[in-house]
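Each chain, written out:
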Amino acid sequence: MAKQLFSFLHFLICCCIFFALSSPSLSSVEVEALLQFKKQLKDPLHCLDSWKVSDSPCEFFGVSCDPITGLVTGISLHNQSLLGEISPSISELQSLISLVLPTNWLSGTIPDLSELRKLQILDLSSNYFSGRFPSWVTNLTGLVSLAVGDNHYDEGEIPDNIGNLKNLSFIFFGCSQLRGEIPESFFEITTMESLDFSTNNISGNFPKSIAKLHKLYKILLFANQLTGEIPPELANLTLLQEIDIAKNHLCGKLPEGLGQLKNLEVFHIFDNNFSGEIPAGFGDMHNLVLFSTYRNNLSGEFPANFGRFSPLNSIDISENQFSGGFPKYLCESGKLRFLLSLGNQFSGEFPGSCSKCRDLQRLRINENLLSGEIPKIGTATSLTQLDLENNKFSGKIPPELGKLANLGKLYLNGNDFSGKIPSELGVLQQLSSLHLEENSLTGSIPAELGKCASLVELNLARNSLNGNIPESFSMLTNLHSLNLSWNTLTGSLNPDNLKILKLSSLDLSMNQLTGIVSSNLLQMGGDKAFLGNKGLCVEKSLKIQMHSGLKVCRGNNTKELLLYFIIASVLVIILVGFLVVIFRECKKEQRCVFCDKSLES
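This one's a predicted model, so the numbers in the text were calculated from it and none came from an experiment. (Residues numbered from 1 in each chain as written. Predicted model: local features only at pLDDT ≥ 70, side-chain atom pairs only at ≥ 80, totals over all residues. Heavy atoms only, no water.)

1. Topic: the overall build of the protein
Per the secondary structure count, the protein includes five helices and 41 strands. With 601 residues in all, the protein has 48% of them scored as buried. Considering only contacts in the protein between residues 6 or more positions apart, those separated by 24 or more positions represent 44%. Accessible area for the protein stands at about 29,200 Å²; split by element, carbon and sulfur atoms hold 54% of it. (Helix = DSSP H or I, 4+ residues; strand = E, 2+ residues; numbered from the N terminus. Buried < 20%, exposed > 50% of the residue type's maximum accessible area, 1.4 Å probe, protein only. Contact = heavy atoms within 4.5 Å. Areas by Shrake-Rupley, 256 points an atom, 1.4 Å probe, with all protein chains shown as cover.)

Here it is in structure tokens:
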């Protein structure tokens, strides 16, 4: 036993002597390799300033070394704005385990780094590399994490021998101009946990063999050319947390088993051709955060408890054929920020439970069959877009909308709202689009709307509004589009209200406005913007100049009136003078007659 212990200690001493003798020479080789790597790069942030001639590279920024041997084991220069090409000298770092250079401006062809046999982590993603896809990566059989996506390679295919990477758990080949099918050998990598082949031209049916990868928690295959149906076996991957297969050509019904994926947090299948109903099990999920199924052909009623037990943050189920009552538990967790369900067939009243959505930023439920009054959402002060257009909502527009200080777009058109436009909307300084057309609104237009300094679009057409166009509209200097048509607005069309505006679209037709249409207003809207207003006219010169079809002003032209007044005044003066002369002559004659009679007497 003592003899064996002595032999072991002797071996350790020899190893230490070997490393002590060899380390300086190896270190100098590595220093030279790193300096050569630096030489081919531009470093605007000066992150490589510490890379200088020295005995050891272990003090270099972004470089890590083995604590015993002192040899370089890692290079990490993430997002350092480095420009240039990777030097092949990097292959001299035979002990390198991790090479992490993502999110820089590196370009050129990636050199063959197959000699880095100890490499476990390779990340060259999000750069500007070009040329052929680096298929040599399949020689690095020790790789655990491989990310070479988001570059500008020539069009190519996933290497057939990708299955050589038996230890791989993470792969990112997204945005790599890859075509063809995923090789079958890939599905033999049973250690795989996260795959990302998104935004390529990968084709073929959705791979059934993916069910072999029992450790998978993330599948990102969006923006490809995949066809066929989701295999039911996918539901066997019980560790799945994220599924994103959006923007493909997938079809068929969603496997019922998907509703049993209890760890699911993200489910994106938008822009496909799926049909049928959402599996009922989605209503019982406890971890779902993001859910997007928009632009499919899904139908039926939504799972009754959807969102009831989940920390739901965003849901977009737009442009499908869902029907029945609107899901009422979407805001149960109080964390929902985006609720989009436009273009469906939901009916009945919008659930009042949505008042719990205090962090809501976008609410778009337009193009449905919803009715009743607007739910109380005055507490959702982060709301930037409220779109209820083309439903069957009724009642008055709640003044509480004026509390939504961040509201930028308000679309309530195409409903049956009645009563007056609340003046409280005038405090919305972020409001850029206000659409209230095609309702049953009455009363005058609130002058307070002129305080909405950011307003770009204002449409109040096809209501029963009366009174004048507010003079405060002259303050809407950002306004590009104004539509007040098909109301009962009266009063004189004062160009001073609108002439300062730079409108690209104007429609005041079908009202009861009077007065003269100025040249700049006629240029903004053309004849059609003023049709149906019997009291509006244009000057004769303007009609000729702009070939307008509007009637010429009669008796209201200021210059003509002045001329008529002057002529009439002159005629009156002449007539009066003539009468005075005649009167005097008559007086003279009367006196003469009287004198003659006196003499005769």
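The structure having been displayed, the exposition proceeds.
2. Notes on the environment of Glu332
Mapped onto the elements of the fold, Glu332 is located in the loop between strand S24 (321-325) and strand S25 (338-340). Of the residues examined, Glu332 reaches a relative accessible area of 32% and is grouped as partly exposed. For the pair formed by Glu332 and Phe309, sequence separation is 23 residues and the distance between their alpha carbons is 7.6 Å. Filtering out sequence-adjacent residues up to four positions away, Glu332 remains in contact with Gly307, Arg308 and Lys356.

3. As for the packing of aromatic side chains
According to the stated counting rule, one finds 20 aromatic pairs in the structure shown. These aromatic residues form a ring-pair network of at least three members: Phe267, Phe282, Phe291, Phe302, Phe306, Phe322, Phe326, Phe346 and Phe350. Taking the ring centre of Trp486 as reference, the NZ or CZ of Arg462 above it sits at 4.6 Å. (Phe/Tyr/Trp six-rings, centres within 6.5 Å; stacked < 30°, edge-to-face > 60°. Lys NZ or Arg CZ within 6 Å of the ring centre and 35° of its normal.)

4. Here we look at the pattern of salt bridges
Should their charged atoms come close, side chains of opposite charge can pair. In this structure the tally under the stated criterion is eight salt bridges. For Asp387, the salt bridge goes to Arg364, with nearest N and O atoms at 3.5 Å. With Asp387 in strand S29 (residues 385-387) and Arg364 in strand S27 (residues 362-364), this residue pair connects regions lying 23 residues apart in the sequence. Relative accessible area serves as the criterion here: at 2%, Asp387 is assigned to the buried category. Within this structure, Glu155, Glu157 and Arg179 form a network of salt bridges that share partners. (Salt bridge = Lys/Arg side-chain N within 4 Å of Asp/Glu carboxyl O.)

5. Points about the state of the cysteines
In the structure shown here, the tally under the stated rule is three disulfides. Across the disulfide from Cys537 sits Cys553; the S-S distance is 2.0 Å. Torsion about the S-S bond of the Cys537 and Cys553 cystine: about 95°, corresponding to right-handed handedness. Of the two residues, Cys537 is situated in strand S41 (residues 535-537) and Cys553 in the loop between helix H4 (540-545) and helix H5 (558-600); the sequence distance between them amounts to 16 residues. Given the relative accessible area of 4%, Cys537 is considered buried. Here the cysteine-cysteine linkages of the protein are recorded as 1-2, 3-4, 5-6, numbering only bonded cysteines and doing so in sequence order. (Disulfide = S-S within 2.5 Å.)

6. Thoughts on the side chain of Ser114
One can find Ser114 in the loop between strand S6 (105-108) and strand S7 (121-123). Given the relative accessible area of 9%, Ser114 is considered buried. Here the side chain of Ser114 touches Asn139 through a polar contact of 3.3 Å, side chain to side chain. Look past the residues within four positions of Ser114 in its chain and what remains in contact with it is Trp136, Asn139 and Leu140. (Polar contact = N/O pair within 3.5 Å; in protein donor to acceptor, adjacent residues only side chain to side chain.)

7. Considerations on the pairing of strand S14 (residues 201-205)
When strand S12 (residues 178-180) meets S14, the two strands line up parallel, connected through two bridges. Paired with Arg179 across the strands is Asn201, a residue of S14. Strand direction decides the pairing type here: S14 and strand S16 (residues 225-228), joined by three bridges, are parallel. Bridging across to S16, Asn205 finds its partner in Thr227. (Pairing = 2+ DSSP bridges.)

8. Comments concerning the environment of Gly276
Following the sequence through the fold, Gly276 ends up in strand S20 (residues 273-276). What makes Gly276 buried here is its relative accessible area of 14%. The spacing of Gly276 and Leu298 is 22 residues in sequence and 5.1 Å in space, taken between C-alpha atoms. Look past the residues within four positions of Gly276 in its chain and what remains in contact with it is Lys253, Asn297, Leu298 and Ser299.

9. Here's the deal with the nonpolar core
One recurring pattern in soluble globular proteins is that nonpolar side chains are buried together. In this structure, Leu122, Phe186, Leu339 and Phe530 are the most contacted members of the largest nonpolar core, which totals 151 residues. Per-element tally for this core: the top contributor is helix H1 (residues 2-39), with five residues. The contacts of Leu339, once residues within four sequence positions are left out, are Ile315, Phe326, Leu330, Phe350, Cys354, Leu360, Arg362, Leu363, Arg364 and Ile365. (Core = buried A, V, L, I, M, F, W, Y, C linked by side-chain atoms within 4.5 Å.)

10. Let's talk about the confidence of the model for the protein
When pLDDT drops low, the exact placement of atoms in the prediction is not to be read closely. Summarising the model, the protein shows a mean pLDDT of 91, and 90% of its residues fall at 70 or more. Below pLDDT 50 for its whole length, residues 8-24 participates in three contacts with residues either more than four positions away or in separate chains. Throughout residues 592-601 the model reports pLDDT below 50, and contacts reaching past four residues in sequence, or to other chains, amount to zero contacts. (pLDDT = per-residue confidence, 0-100.)

11. Focus: the side chain of Asn320
By secondary structure assignment, the location of Asn320 is in the loop between strand S23 (314-316) and S24. Only 3.0 Å separates the side chain of Asn320 from the backbone oxygen of Thr293, close enough to count as a polar contact. Reaching out from Asn320, the side chain makes a polar contact with the backbone oxygen of Ile317 at a distance of 3.3 Å.

12. Focus on unusual backbone geometry
At Lys247, a position not held by glycine, the phi torsion is positive, near 55°. Inspection of the secondary structure puts Lys247 in the loop between strand S17 (242-244) and strand S18 (249-253). Positive phi, normally seen in glycine, also occurs at Arg295, with a value near 55°. Within the element layout of this structure, Arg295 appears in the loop between strand S21 (290-292) and strand S22 (297-301).

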